[in-house]
Amino acid sequence: MSVADLLNGMPFADHLGMEVVEAAEGRAVVELPMREELSSVPGRQIAHGGVTYALADTAAGAAVISLHHKPTPTVDMRMDYLAPATTDLRAEAEVVRDGGTVATAEVTIEDVDGTHVADARGTFKTGGGGDGGAWGVTPGDDSLAE
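In this report, we go over the structure that sits alongside the text. In this text, all values refer to a predicted model and were calculated from it rather than measured experimentally.

Criteria and cut-off values
Residues numbered from 1 in each chain as written. Predicted model: local features only at pLDDT ≥ 70, side-chain atom pairs only at ≥ 80, totals over all residues. Heavy atoms only, no water. Helix = DSSP H or I, 4+ residues; strand = E, 2+ residues; numbered from the N terminus. Areas by Shrake-Rupley, 256 points an atom, 1.4 Å probe, with all protein chains shown as cover. Core = buried A, V, L, I, M, F, W, Y, C linked by side-chain atoms within 4.5 Å. Buried < 20%, exposed > 50% of the residue type's maximum accessible area, 1.4 Å probe, protein only. Pairing = 2+ DSSP bridges. Axes fitted to C-alpha atoms, helices over the stretch in contact; angles between N-to-C directions. Contact = heavy atoms within 4.5 Å. Salt bridge = Lys/Arg side-chain N within 4 Å of Asp/Glu carboxyl O. Polar contact = N/O pair within 3.5 Å; in protein donor to acceptor, adjacent residues only side chain to side chain.

This brings us to the overall build of the protein. Scanning the protein from N- to C-terminus turns up 3 helices and 6 strands. With the model as given, the accessible surface of the protein reaches about 7300 Å², and the carbon-plus-sulfur share is 49%.

In a soluble, globular protein the nonpolar side chains are often hidden away together inside. Core analysis: the largest hydrophobic core is formed by 39 residues, its most contacted members being Met18, Ala23, Leu32, Leu55, Val107 and Ile109. If one sorts the elements of this core by residue count, helix 3 (residues 49-68) sits on top with 10 residues.

Moving on, we get to the sheet that holds strand 4 (residues 89-98). Picture the strands of a sheet paired through backbone hydrogen bonds; they go either parallel or antiparallel. The strand order across the open sheet built from 6 strands is 1-2-4-5-6-3, with neighbouring strands paired in antiparallel fashion. Lying at the two open borders of the sheet, with one neighbouring strand each, are strand 1 (19-24) and strand 3 (74-81). With strand direction ignored, the average angle separating the axes of adjacent strands in the sheet is 15°. Against the sheet, helix 3 contacts strand 1, strand 2 (27-32), strand 3, strand 4, strand 5 (102-111) and strand 6 (116-125), and its axis sits at roughly 45° relative to strand 4.

With that out of the way, let us pick up the pattern of salt bridges. A side chain with one charge can pair with a side chain of the opposite charge if their charged atoms come near. Under the definition given, this model contains 6 salt bridges. Close ionic contact of Glu106 with Arg121 constitutes a salt bridge, the shortest N to O distance being 2.2 Å. Of the two residues, Glu106 sits in strand 5 while Arg121 sits in strand 6, which places them 15 residues apart along the sequence. Note on Glu106: relative accessible area 38%, which makes it partly exposed. Shared partners join several salt bridges into a network, and the residues in it are Glu31, Arg90 and Glu92.

Moving on to the pairing of strand 6. When strand 3 meets strand 6, the two strands line up antiparallel, connected through 7 bridges. Counterpart to Tyr81 in the pairing with strand 6 is Ala118. Here 9 bridges tie strand 5 to strand 6, and the two strands are oriented antiparallel to one another. By the bridge assignment, Val107 is partnered in strand 6 with Ala120. As consecutive antiparallel partners, strand 5 and strand 6 are separated by 4 residues, and within that stretch Gly114 has a phi angle of approximately 90°, a positive value.

Further remarks concern the pairing of strand 4. Pairing of strand 2 with strand 4 involves 6 bridges; the strand directions are antiparallel. Residue pairing for strand 4: Val29 is matched across the bridge by Glu92. As defined by bridge partners, strand 4 adjoins strand 5 across 9 bridges and the pair is classed as antiparallel. Residue pairing in the sheet places Ala93 in a bridge with Val107 of strand 5. Two successive antiparallel strands, strand 4 and strand 5, enclose a turn made up of 3 residues.

The residue Glu25 is not glycine, and still its phi comes out positive at about 50°. Here Glu25 falls in the exposed class, since its relative accessible area comes to 74%.

Relative to the elements of secondary structure, Thr58 occurs in helix 3. Its relative accessible area of 10% is what places Thr58 among the buried residues. A distance of 2.8 Å separates the side chain of Thr58 from the backbone oxygen of Ala54, its partner in a polar contact. Filtering out sequence-adjacent residues up to four positions away, Thr58 remains in contact with Met10, Met18 and Val30.

Structure follows, in structure tokens:
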């Protein structure tokens, strides 16, 4: 099972409607169709900031997981919201530093019209916890191998 297949089965991402389009070699692309339930403004489609944050976190995490093939919990995520998100979204993430026990990924989020909606930078725990990965236990570890 590929990293993208595994993440597309994640209940939270599925609940929001995210699709991991690509996750390989430290890069990931995740798409999210905008719909009324994701809005922060009644009667309008303007994505709640938490939706954009979740999209960035999922994309960055997928990029890191594509290098480590095991769970990599988020340590920190910084967001810069640049424009309201009113249409379908696309997040592109790239690992910019993969150290001994943490990795850092940068994310750009745009809407389908090409509007630059947000930038994010996340740090993820990649080591520690023994053979089981950062959490000490690696659920479904075999399914992360490509």
